[in-house]
Amino acid sequence: MSHSEEMLDGSAEDHALVRTLEAKVQALEDELRFFRALADELPLSLYHKDHEGRCVWANATMLASVGCGLEDALGKTVFDYYPRELAEKYDADDRRVVETGETWQGIEEHKAPATEGSRYVEVKKVPVRDADGAITGSMGIYWDVTGVRRAERLEEERRAQAATLRELGAPLLPLAERVLAMPLIGRIDAARAAQALDSLLHGVSERQASVVLLDVTGVTTIDTEVVRLLVDAAGAVRLLGARVVLTGVKAAMAQAMIEMDARLEGIVTLSTMQAGVAWALARRG
């Protein structure tokens with residue numbers, strides 16, 4: 001007979017009801033222990049705060065980050081662990097969730113008291129409600145996304161560097177009023193050819209250019225991509241009312257272009273950039 005039944009002087013039905021209630025309480029306690037044990041194993045920081053921002057519960061990861069056990073953390077606030085400015089920010093986020101009843105989620109820089117250096121964490125905070133639906137506090141979860149954040153920044157830097165290299169690889173230079181020059185350097189692949197043509201057309205249109213000098217002195221190899229760029233550039237620029245002057249063509253490049261049967265109608269070819277500039281200044285519209 002249980003302790004509750006010993007204290008109860010009633011019918012068999014009463015004793016049965018007590019045993020049923022005790023079994024339900026035991027089941028709830030077992031379930032609570034299970035979920036708390038599971039939460040302690042997660043590599044995520046979890047916490048539950050009351051209406052005033054005081055700790056009601058936290059999992060092992062969260063407690064490790066502030067360097068204390070659950071008994072020490074109970075009733076404490078963020079002001080007991082974090083610098084004033086950071087604590088005010090965290091407290092304001094929690095209070096906003098409690099006051100509005102709305103979930104808050106974002107990525108922010110975080111520095112835990114028990115760890116070295118700052119980390120980026122993704123945070124989600126939600127209101128906690130009682131059986132009647134009234135908000136009694138807040139619950140939060142956050143996890144480390146420093147690696148993802150760094151990878152994103154590296155990718156952004158890589159894209160910026162690639163864009164810079166593309167611009168350096170096919171710069172469009174204003175030489176005089178309505179005269180532009182694009183010196184091509186190195187190997188021209190399909191991507192660089194497309195970027196160069198796009199930059200060329202935008203420049204001609206924006207500056208109302210009448211002559212564009214394409215200098216191939218620095219091109220290391222002549223292949224189909226280079227020839228296609230020259231032919232496409234000549235045709236497209238002509239549609240915009242301008243002319244293409246090709247400079248820096250060497251004997252080997254000229255021979256290769258002949259063998260490829262490159263159709264360069266409408267393109268003026270000159271040996272040097274200086275000659276091209278002189279031609280353009282003499283004939284610009």
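Anything mentioned here points back to the structure above.
Everything in this summary refers to the structure shown in the same document. (Residues numbered from 1 in each chain as written. Predicted model: local features only at pLDDT ≥ 70, side-chain atom pairs only at ≥ 80, totals over all residues. Heavy atoms only, no water.)

**Some remarks on the overall build of the protein chain**
Our working rule: Numbering goes from the N terminus for both helices and strands, where a helix is a DSSP run of H or I of at least four residues and a strand is a run of E of at least two. Both definitions apply: the radius of gyration is a C-alpha atom measure, and the globule rule equals 2.2 Å times residues to the power 0.38. Working definition: with a 1.4 Å probe on protein chains only, accessible area under 20% of the residue-type maximum means buried, over 50% means exposed, and in between means partly exposed. In this analysis, two residues are considered to be in contact whenever any of their non-hydrogen atoms come within 4.5 Å of each other. In short, Shrake-Rupley with a 1.4 Å probe defines the accessible areas, and a residue's cover is counted only from the protein chains shown. When charges are counted, neither His nor the chain ends are considered; positive counts come from Lys and Arg and negative counts from Asp and Glu. Taken as the charge centre is NZ of Lys, CZ of Arg, CG of Asp or CD of Glu, depending on the residue.
Broken down by element type, the protein chain carries ten helices and ten strands. The C-alpha radius of gyration computed for the protein chain amounts to 37 Å, which surpasses the reference 19 Å derived for 285 residues by more than 25%, pointing to a less compact arrangement than a globule. Projected onto the principal axes, the alpha-carbon positions of the protein chain cover approximately 115 × 40 × 35 Å. Within the protein chain, the proportion of its 285 residues that are buried is 35%. Look at the contacts in the protein chain between residues 6 or more apart in sequence, and 53% of them connect residues 24 or more apart. As displayed, the protein chain offers around 17,000 Å² of accessible surface, 55% of which is attributable to carbon and sulfur atoms. Charge separation in the protein chain, taken as the distance between the mean sites of 33 positive and 46 negative side-chain charges, equals 13 Å.

**Examining the side chain of Asn59**
For clarity, the cut-off: In protein, a polar contact means a hydrogen-donor-capable atom and an acceptor-capable atom, both N or O and within 3.5 Å, with residues adjacent in sequence counting only if both atoms are side-chain atoms; elsewhere, any N or O pair within 3.5 Å suffices.
Tracing the sequence through the fold places Asn59 in the loop between β2 (55–58) and α3 (60–66). Only 2.7 Å separates the side chain of Asn59 from the backbone oxygen of Leu44, close enough to count as a polar contact. Side-chain polar atoms of Asn59 contact the backbone nitrogen of Leu46, separated by 2.9 Å. Beyond its immediate sequence surroundings of up to four residues, Asn59 is in contact with Ala39, Asp40, Leu42, Leu44, Ser45 and Leu46.

**So, the environment of Leu264**
Inspection of the secondary structure puts Leu264 in the loop between α9 (251–259) and β10 (267–270). In this structure the C-alpha to C-alpha distance between Leu264 and Leu230, which are 34 residues apart in sequence, comes to 7.6 Å.

**Describing α9**
Worth spelling out the cut-off: Each direction from the helix axis to a C-beta atom contributes to the arc, which is the arc of those directions.
Among the residues making up α9, those that are buried are Met253, Ala256 and Met257. Angularly, the buried residues of α9 cover 100° about the axis, an arc narrow enough to put them on a single face. For α9, the exposed residues lying more than 90 degrees away from the buried face are Ala251, Ala252, Ile258 and Glu259. Against β8 (211–219), α8 (224–239) and β9 (243–247) lie the buried residues of α9.

**Notes on the sheet that holds β9**
Operational definition: Paired strands, as defined in this entry, are two strands with at least two bridges between them according to DSSP. Only the stretch in contact is used when fitting a helix axis, every axis being a line fitted to C-alpha atoms; angles between N-to-C directions are given from 0 to 180 degrees.
Spatially, β6-β7-β8-β9-β10 is the arrangement adopted by the five strands of the open sheet, whose pairing is mixed. Strand pairing shows two members of the sheet lacking a second neighbour, β6 (173–176) and β10, which therefore form its edges. On average, each strand axis in the sheet is tilted by 30° relative to the strand beside it, whichever way the strands run. In the packing of α8 onto the sheet, the strands contacted are β7 (179–186), β8, β9 and β10, and the crossing angle to β9 comes to about 150°.

**Thoughts on the nonpolar core**
Where we set the bar: In this description, a nonpolar core means a group of buried Ala, Val, Leu, Ile, Met, Phe, Trp, Tyr and Cys residues linked to one another through side-chain atoms lying within 4.5 Å.
Formed by 30 residues in total, the largest nonpolar core has its most connected members in Val204 and Met257. No other element matches α8, which puts seven residues into this core. The residues touching Val204, leaving out its near neighbours within four places in the chain, are Leu180, Ala209, Val212, Val237, Leu240 and Ala242. Judged by nonpolar contacts, the second largest core, of 15 residues, contains Tyr47, Ala58, Met62 and Ala73.

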